[in-house]
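Remarks on the overall topology
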Amino acid sequence: MSNGNFQKGTWNPIRSNCTTSFSLTYTRCAEWGSALITQCLLWVTTWVTECIQWAWQTTTQCSWWSWLFCVIWAVITTLVCVATGLVAVAICGILTVVEYVFCLLWTTFTFWICLSWAGGGTAFLLTDGTVMMQEISSFWFGATLATRRWWKLTPDQSGSYSNGRWSRLADSNVARLYFASAVLADGRVVVCGGEYSDASGTFKQDWNNSCEIYDPVADTWASFVSPTKPGSPPAVWEEIGDASCTLLPDGTLLVGALDSANVAKLDPSTLTWTAMNPRPGVGNSNEDSWVLMSDNTMATPSCQRPPTTWVYDISSDQWNRGNDLPVSIINAVEEIGAGLLRYDATAFFFGANEHTAIYAPTASPQWSNGGDLPLQDEQSLGIVDGPAALLVNGNILFGAAPTNAAGDFLSPCYYFEFDGTMFNRTNDPPNNDCPTYPTRLLLLPDGDVMFCREGDSSFSAYHSDAAVPQDSFRPVIQTCPATFAPGTTIQVSGLQFNGLSQAVGYGDDSQTATNYPLVRIVNKQTNRVRYCRTFNHTTVDNNGNTIPSMGVATGAAVITTNVSIPWDIDNGDSSLYVVANGIPSEPFDVAIWPILV
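Since we're looking at a predicted model, the values are computed, not measured.

Rules behind the numbers
Residues numbered from 1 in each chain as written. Predicted model: local features only at pLDDT ≥ 70, side-chain atom pairs only at ≥ 80, totals over all residues. Heavy atoms only, no water. Helix = DSSP H or I, 4+ residues; strand = E, 2+ residues; numbered from the N terminus. Rg over C-alpha atoms; globule rule 2.2 N^0.38 Å. Buried < 20%, exposed > 50% of the residue type's maximum accessible area, 1.4 Å probe, protein only. Contact = heavy atoms within 4.5 Å. Areas by Shrake-Rupley, 256 points an atom, 1.4 Å probe, with all protein chains shown as cover. Phe/Tyr/Trp six-rings, centres within 6.5 Å; stacked < 30°, edge-to-face > 60°. Patch = residues over 30% accessible without salt bridge, like charges linked within 9 Å, V, L, I, M, F, W, Y side chains within 5 Å. Salt bridge = Lys/Arg side-chain N within 4 Å of Asp/Glu carboxyl O. 1 Å grid on protein atoms, 1.4 Å probe; cavity = no way out; pocket = protein on both sides within 12 Å on 5 of 7 lines; lining within 4 Å. Points joined across faces, edges and corners; volume = space filled by probe spheres on them. Polar contact = N/O pair within 3.5 Å; in protein donor to acceptor, adjacent residues only side chain to side chain. Pairing = 2+ DSSP bridges. Disulfide = S-S within 2.5 Å. Axes fitted to C-alpha atoms, helices over the stretch in contact; angles between N-to-C directions.

1. Quick notes on the overall build of the protein chain
- Within the protein chain one finds 2 helices and 43 strands.
- Its C-alpha atoms give the protein chain a radius of gyration of 26 Å, within 12% of the compact-globule value 25 Å for 597 residues.
- Summarising its shape, the C-alpha atoms of the protein chain cover approximately 95 × 65 × 60 Å along the three principal directions.
- Residues classed as buried in the protein chain amount to 56% of the 597 residues present.
- Sequence-distant contacts, at least 24 apart, represent 59% of the contacts inside the protein chain between residues at least 6 apart.
- Carbon and sulfur atoms provide 56% of the accessible area of the protein chain, an area that totals close to 24,100 Å².

2. Examining the packing of aromatic side chains
- Applying the stated criterion across every chain yields a total of 22 aromatic pairs.
- Measuring from ring centre to ring centre gives 6.3 Å for F124 and W150, while their planes differ by 25°; the resulting arrangement is stacked. Here the residue F124 occupies a position in strand β2 (residues 123–125), and W150 occupies one in strand β4 (residues 144–154), the gap between them amounting to 26 residues.
- Overall, F124 belongs to the buried group, its relative accessible area being 0%.
- Look at W150 and you get buried, because its relative accessible area is 2%.
- The interplanar angle of 40° and the centroid separation of 4.4 Å between the aromatic rings of F350 and F398 together place this pair among those described as tilted. Taken together, the residues span a long stretch of sequence, with F350 in strand β22 (residues 347–350) and F398 in strand β27 (residues 396–402) at a distance of 48 residues.
- For F350, a relative accessible area of 0% puts it in the buried group.
- Site record: aromatic cluster; members linked through ring pairs are F348, F350, F398, F416, F418 and F423.

3. Focus on a nonpolar patch on the surface
- Taken together, the side chains of L68, F69, I72, I76 and V80 present a nonpolar region at the surface, about 510 Å² in accessible area.
- Mapped onto the elements of the fold, I76 is located in helix α2 (residues 67–110).

4. Observations concerning the environment of F535
- Inspection of the secondary structure assignment puts F535 in strand β38 (residues 529–540).
- Separated by 350 residues in the primary sequence, F535 and A185 place their C-alpha atoms 6.1 Å from one another.

5. Here we look at the pattern of salt bridges
- Under the counting rule described, the total for this entry stands at 18 salt bridges.
- Across the pair E135 and R28 runs a salt bridge whose closest N-O atoms are separated by 2.8 Å. Taken together, the positions of E135 in strand β3 (residues 131–138) and R28 in helix α1 (residues 22–57) put the pair 107 residues apart, joining distant regions of the chain. Neither residue differs from the other here; E135 and R28 are each classed as buried.
- Where D324 meets R321, a salt bridge forms, and the shortest distance between an N and an O atom there is 3.0 Å.

6. Some thoughts on empty space enclosed by the protein
- Overall, the coordinates contain 3 cavities of 30 Å³ or more when judged by the stated rule.
- Considered as a void within the structure, the largest cavity measures approximately 260 Å³ in volume.
- If you trace the largest cavity, you find 29 residues lining it, with W290, Q502, V504, Q511 and A513 closest to the centre.
- Secondary structure elements with two or more residues in the lining of the largest cavity: β7 (180–183), β13 (244–247), β17 (291–292), β21 (339–341) and β36 (504–505).
- The biggest single contributor to the lining of the largest cavity is β13, with 4 residues.

7. Topic: the side chain of N395
- Relative to the helices and strands, N395 is located in the loop between β26 (388–390) and β27.
- Only 2.9 Å separates the side chain of N395 from the side chain of E417, close enough to count as a polar contact.
- The contact partners of N395, leaving out residues within four places of it in the chain, are A389, L390, E417, F418 and D419.

8. Observations concerning the pairing of β38
- In the sheet, strand β37 (residues 518–523) pairs with β38 via 4 bridges, with the strands oriented antiparallel. In the sheet register, R520 faces β38, and the bridge partner there is Y531.
- Strand direction decides the pairing type here: β38 and strand β40 (residues 559–564), joined by 4 bridges, are antiparallel. Within the sheet, the bridge partner assigned to T534 lies in β40 and is V563.
- When β38 meets strand β39 (residues 546–548), the two strands line up antiparallel, connected through 3 bridges. Considered in β39, the bridge of V540 is made with T546.
- Here β38 folds back onto β39 in antiparallel fashion, the turn holding 5 residues, of which G544 has a positive phi close to 85°.

9. Digging into the state of the cysteines
- In total, this model carries 3 disulfides according to the counting rule given.
- One disulfide bridge connects C51 with C81, the sulfur atoms lying 1.7 Å from each other. Measuring the twist about the S-S bond at about -50°, one finds the C51-C81 disulfide to be left-handed. Note that C51 is positioned in helix α1 and C81 in helix α2, a separation of 30 residues in sequence.
- For C81, a relative accessible area of 1% corresponds to the buried category.
- The side chain of C192 participates in a disulfide bridge whose partner is C211; the two sulfur atoms lie 2.3 Å from each other.

10. Notes on unusual backbone geometry
- Residue P307 follows P306 across a cis peptide bond; omega there is 5°.
- With respect to the helices and strands, P307 occurs in the loop between β18 (297–301) and β19 (309–313).
- Cis geometry marks the peptide bond from S364 to P365; its omega dihedral reads 0°.
- One non-glycine residue with positive phi stands out, namely D385, at about 70°.
- Mapping D385 onto the fold places it in the loop between β25 (381–382) and β26.
- One non-glycine residue, Q496, adopts positive backbone phi at about 60°.
- Inspection of the secondary structure puts Q496 in the loop between β35 (489–495) and β36.

11. Quick word on the sheet that holds strand β16 (residues 272–276)
- With antiparallel pairing, 4 strands are arranged side by side in an open sheet as β13-β14-β15-β16. Edge positions in the sheet fall to β13 and β16, since each of these pairs with one other strand and no more. Across this sheet, the average inter-strand angle for adjacent strands is 20°, counted without regard to direction.
- Both strand β15 (residues 263–267) and β16 contribute to a ladder of 5 bridges, which runs antiparallel. By the bridge assignment, K265 is partnered in β16 with T274.

Here it is as structure tokens:
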């Protein structure tokens, strides 16, 4: 299905992260050996265990008169199993040492010409306009390894991310893959869980239950307590894994358990959890795609009990069941695609099969099926885990891949823009030869969408000249100092500073919403672009209390954000913009001058 008037976008390369550090180049190479020895030892352990179990299992079939011979045979077989295992371990060790030596030689001859790059992973838009990305490695034998390494992409002086500069951030305490996350109102980044992690010392599928928080000002990570269940004393969740979550309008983080009906809410100011009402009727929140609505609710189809749908009332802490979807959008392995709130105040959900769903709060019934995704080469498409991003004109950019009845993760990804009526085929990123689940999309402050792929060092940004926002979508600056000095903190207030949507969706494996205000200052003489760190976005509630503001489509509510002006910003007459979800306000004239002593 295609619109003849549709203008395709283009994918522009973003500079790869080339590393000239000897130690890091060697570490990346040596990780192959570490992963190899881990897989080798796991295989040997499993084989030896099964071999011994088989040997002794045979004794149960022996007659009473042959029992002694069977035991002797089992003992001899056990010794052979163990001896074979020891030989296999030695071979694993030799191969690992060879790999380490090769890495040392390879690093010695190649690190200075940049043959080592950071592979893509989950990326966040920080409130200073930079991109924070986790490094993930992939290996020739198919393994994917999340690392503790994180990187920052800073746009150049013209505001270009394609020509931006990568720099190293502090390592996290745990390497995790597929986890709950959010950028908080104070600018910190919280991560919890992980379907895979190295918390045990070995990177494996462990449904990790740890949490930590990143402070971009101090460039530090700090661990904090895990979610708790109801009861006294409250018990810690055994698993978080790839939990569904969303940041609520008051800045708290709501997380749903993947192995039970438990739901918990994090207070970012104290880093403490409150047990909320559990999920009724569905058992758990595993694989769900949660979408924050503008009416203080959160909507989601249930992956565990399709075709049921649910709406969470934030104020009353109640889960309310909606009408069932006529056709389920959940596939055989309980997966779903991204969900996004659109500018028409409805939420759109992509299915892991070819179907889609729409939640319209004011309609009756509220839940209905949308149009089916188009065929590609006569093959049905779906999003079996994968991202989508809301362009500044309201179109949704997404990738979809072939589907089958078994729910397999198939490739390649074909990219589309959905304009609310038509699924328009657009251009694909150059490294789209993969399923949808290892891909990530991130809406940038310039309105482009960054594409990352797990373990791949090629990054791109999707640009469409047709993606022009309506004026009604823009933030509106109401108050801002006309003059201020470098190194100071100012406050800017206005409308729609939190945007009209969280704008980036995936599901339970990655949450990288961008519904918070950024401030961009452009010097009128030099034309240099500078993003300033924003933090503690607030509004005033109906009772006159000042509260964090992380909602969507906040209407007439006045939002205030704090803006840290860099010491080295260009002085002189400038234009200040507030940007939300890649959409800038109209310019506000300001003058930046040093304080005269």
